[in-house]
Amino acid sequence: MIFGNERFERLGLIMNPFSPVVAEERPRELFVLVGDEHNGKLQIINSKFEDSLQKKTLNYVVLSGLRGTGKSAIIRAFLETKSNAPDVLLIPFRLNDPSSLTTLFRRFIKSLIHENLWIREELGDRIKRVEKGEISLEELLSLVKEVLSLIVRKRDPRPRVIVITWDQLENLMISTEEMPFLLSFFRSISTLPQELGIGILFIISVVPEWVHRLVKLAGKEEAFIRNVKEGIIEVPSRLSLKDTFKLFQELLNRVRPSKLDQEIEEELRTRRYYPFEENAIKAIYDAADGNPGTIYELASRVLSEAVANPAIKVIDEAFVHDVVLDINPEWYKALSIPPRPLNNILQELLDAAKELGQIHDYHYFAQQFNKYRYILQSFNLRESDDTKSLLSKRVLDFIVIYKYQERLHLVLIKTARTTIRRDTAEAIVYLLNNISGYTYGGASISKDRMRFILISYSGVGKTIYAILKQAAITSGIPVDLIQVNTNSAYIYGRLMHVITRIEGLKGTYLSLRAIPIRSQHTLANDVRDVLNILGIIQGL
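All values derive from a computational prediction rather than experimental measurement.

Trainee: Just checking my understanding: could you explain the pairing of strand S12 (residues 479-483) for this structure?
Mentor: Consecutive side chains along a regular strand alternate between the two faces of the sheet. Judged from the five bridges that link them, strand S11 (residues 450-456) and S12 form a sheet pairing that is parallel. By the bridge assignment for S12, Ile455 is matched with Ile482. For the crossover that starts at S11, traverses helix H22 (residues 462-475) and ends in the parallel S12, the hand is right-handed.

Below, the structure written as structure tokens:
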């Protein structure tokens, strides 16, 4: 059921039909898969499903496409067609944030337990070890297969086919050394059809770059590579303009109030996409370059702005241009670049910032514990039992020094792939509470010119958040928590775009200072903007 919103009623709607933007978060009433090509991909998946069902075999479907092209929508549309089938076991899973292989399997097991709570009692201590992060990758691989087998054997009626979906697998941060473990998992589940007498359809969604990497790293796994290649479905990167108009008409009609004002009825007689004019929809389509996800994003933003402005009665092309003026297609495209370790990305960014003269200096301490003695001395802290935790834990990764109004400022940065442990958070608190200043090259930087930033791919838990925010109060040093992932599209897209530019230019010129003046100026602006977005520099 859709509940109305008074603010939208003056535009002949009860709510924003383009929000949420993410396909799997949209209410059923507002979910629609448009486009002949996208629906055609759905038919291919159905054929693979029938093959798995009839032959009791394992089939892969690999949906390959840039972010926002509708891969998740295709998966959702397929799952909804099978949601009421008693002999089909659906196991949907989405990797929302950049994650390690261990994190992927831990989250996958947790999602299985969430739908089958009896597993916790069946496997007892092993599940507790998973939740505490005290289980090895090898054990996780074995446990995933065991849990899947248990679910199938205990389900009544017993399923004839399992559908497993791994959405947004490009968020998997996997090294060449870890690849054998992932291949081992795929090998292990390939025996399940014979062991359990069922079919399996494994649907994966990834960006194209990840598909090539997966096939390359698979090496001599010929059977796996053949199965994957046969299952690759390339998702079109653009909707047609005709399908875009269909999308608007479908969604807008679904959120019309049952009773319309006479003025709105008059508008609908002349404008079937009211409150949008046709030229406004065309402007959104052009700004999004036809990308379905970006169309949703821009349409939602434009409609929200129109609702907030009482003077707007009709959304026209000029209004769209005003709202989406800051959209840069390049950083939208960068959303499809698979993530890398944050430390590597920040080091490249800070290298460029230093070379371009935007920061004064920086120190990189990741995984170099001997450097912490230098940190203690610089902060005028003596080694003691209390400071041992600082020496044994990675409480800092970067110290950034920049000049503003002829005074030095200091930024302390801790990075995390996912979140941080409580004992690490408490060690950070100790550092912030006990430093009185920082000595650099004979100069002293006082606490009122310091900030601490935790940058992670995932959000921290409530307890860690509370600990760090309390430290900001007790220490007087501002603490910022920055989440960088594809859900924070602006931050992630801008960062990945700038890093790609830096790498490309360094490959061409070796030094950023050596590139042409015009390009250097543009890059300098980009680097400065990203440093500001991450809070690494302020006031410049």
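Trainee: I'm lost on the sheet that holds strand S3 (residues 161-167) in this one. Help?
Mentor: Strands pair in a sheet through their backbones, by hydrogen bonds, and they do so in one of two ways: parallel or antiparallel. Ordered in space as S2-S3-S4-S1-S5, the five strands form an open sheet in which the pairing is parallel. Looking at strand neighbours, the two that pair on one side only are strand S2 (88-94) and strand S5 (232-234), the edges of this open sheet. Here the strands of the sheet are splayed against their neighbours by 15° on average, with no regard to which way each runs. Note that S3 and strand S4 (residues 199-206) share six bridges and pair parallel. If you follow Val161 over to S4, its bridge partner there is Gly199. Sheet strands in contact with helix H11 (residues 222-231) are strand S1 (58-64) and S5, and its direction is about 55° off that of S1.

Trainee: Where do I start with the pattern of salt bridges in this structure?
Mentor: Any two side chains of opposite charge can pair if their charged atoms end up close together. What the rule picks out here adds up to 27 salt bridges. The salt bridge involving Glu348 is made with Arg340; its shortest N-O contact spans 2.9 Å. Among the residues examined, Arg340 registers a relative accessible area of 23% and is labelled partly exposed. Each of the salt bridges in this network shares a partner with another, and the network as a whole consists of Glu24, Arg94 and Asp167.

Trainee: I'm lost on the nonpolar core in this one. Help?
Mentor: Nonpolar side chains in soluble globular proteins tend to end up buried together. Ranked by size, the top nonpolar core spans 83 residues in total, and within it Phe248, Phe276, Ile315, Leu349 and Val527 carry the most contacts. The leading source of residues in this core is helix H15 (residues 292-308), at eight residues. Those residues in contact with Phe276 that sit more than four places away from it in its chain are Phe18, Phe248, Leu252, Ile281, Ile284, Ala299, Val302, Leu303 and Ile315.

Trainee: What am I meant to see in the packing of helix H2 (residues 36-55) against helix H3 (residues 71-82) here?
Mentor: Two measures define how a pair of helices packs: the angle their axes make with one another and the distance between the axes. The geometry of H2 relative to H3 is characterised by a closest axis approach of 10 Å and an angle of 50° between their N-to-C directions. Compared by their axis directions, H2 and H3 come out oblique. In the crossing of H2 with H3, the sense of the turn from one axis to the other is right-handed. Contact residues: His38, Lys41, Leu42, Ile45, Asn46 and Phe49 in H2; Ile74, Ala77, Phe78 and Lys82 in H3.

Trainee: Please clarify how a negative patch on the surface should be interpreted in this entry.
Mentor: A contiguous patch of negative charge, built from Glu9, Asp261, Glu263 and Glu265, is present on the exposed surface. When you line up the elements, Glu263 lands in helix H13 (residues 262-270).

Trainee: Is there a simple way to think about the sheet that holds strand S8 (residues 407-416) in this case?
Mentor: The strand order S6-S7-S8-S11-S12 describes an open sheet built from five strands, whose pairing is mixed. Where the open sheet ends on each side, the last strands, each with one partner, are strand S6 (361-364) and S12. Adjacent strand axes in the sheet meet at a mean angle of 20°, parallel and antiparallel pairs treated alike. Pairing of S8 with S11 involves seven bridges; the strand directions are parallel. Of the residues in S11, the one forming a bridge with Leu410 is Met450. Across the sheet, helix H18 (residues 342-355) is in contact with S6, strand S7 (398-404), S8 and S11; its angle to S6 comes to roughly 155°. Strands in contact with H22 are S11 and S12; relative to S12, the strand with the most contacts, it is inclined by about 145°.

Conventions used here
Residues numbered from 1 in each chain as written. Predicted model: local features only at pLDDT ≥ 70, side-chain atom pairs only at ≥ 80, totals over all residues. Heavy atoms only, no water. Pairing = 2+ DSSP bridges. Helix = DSSP H or I, 4+ residues; strand = E, 2+ residues; numbered from the N terminus. Right-handed = clockwise from strand over helix to strand, strands pointing away. Axes fitted to C-alpha atoms, helices over the stretch in contact; angles between N-to-C directions. Contact = heavy atoms within 4.5 Å. Salt bridge = Lys/Arg side-chain N within 4 Å of Asp/Glu carboxyl O. Buried < 20%, exposed > 50% of the residue type's maximum accessible area, 1.4 Å probe, protein only. Core = buried A, V, L, I, M, F, W, Y, C linked by side-chain atoms within 4.5 Å. Parallel < 35°, antiparallel > 145°, perpendicular 65-115°, else oblique. Left-handed = near helix turned anticlockwise from the far one by under 90°. Patch = residues over 30% accessible without salt bridge, like charges linked within 9 Å, V, L, I, M, F, W, Y side chains within 5 Å. Areas by Shrake-Rupley, 256 points an atom, 1.4 Å probe, with all protein chains shown as cover. Lys, Arg positive; Asp, Glu negative; His and termini not counted. Charge placed at Lys NZ, Arg CZ, Asp CG, Glu CD.

Taken by themselves, the reported measurements are silent on function.
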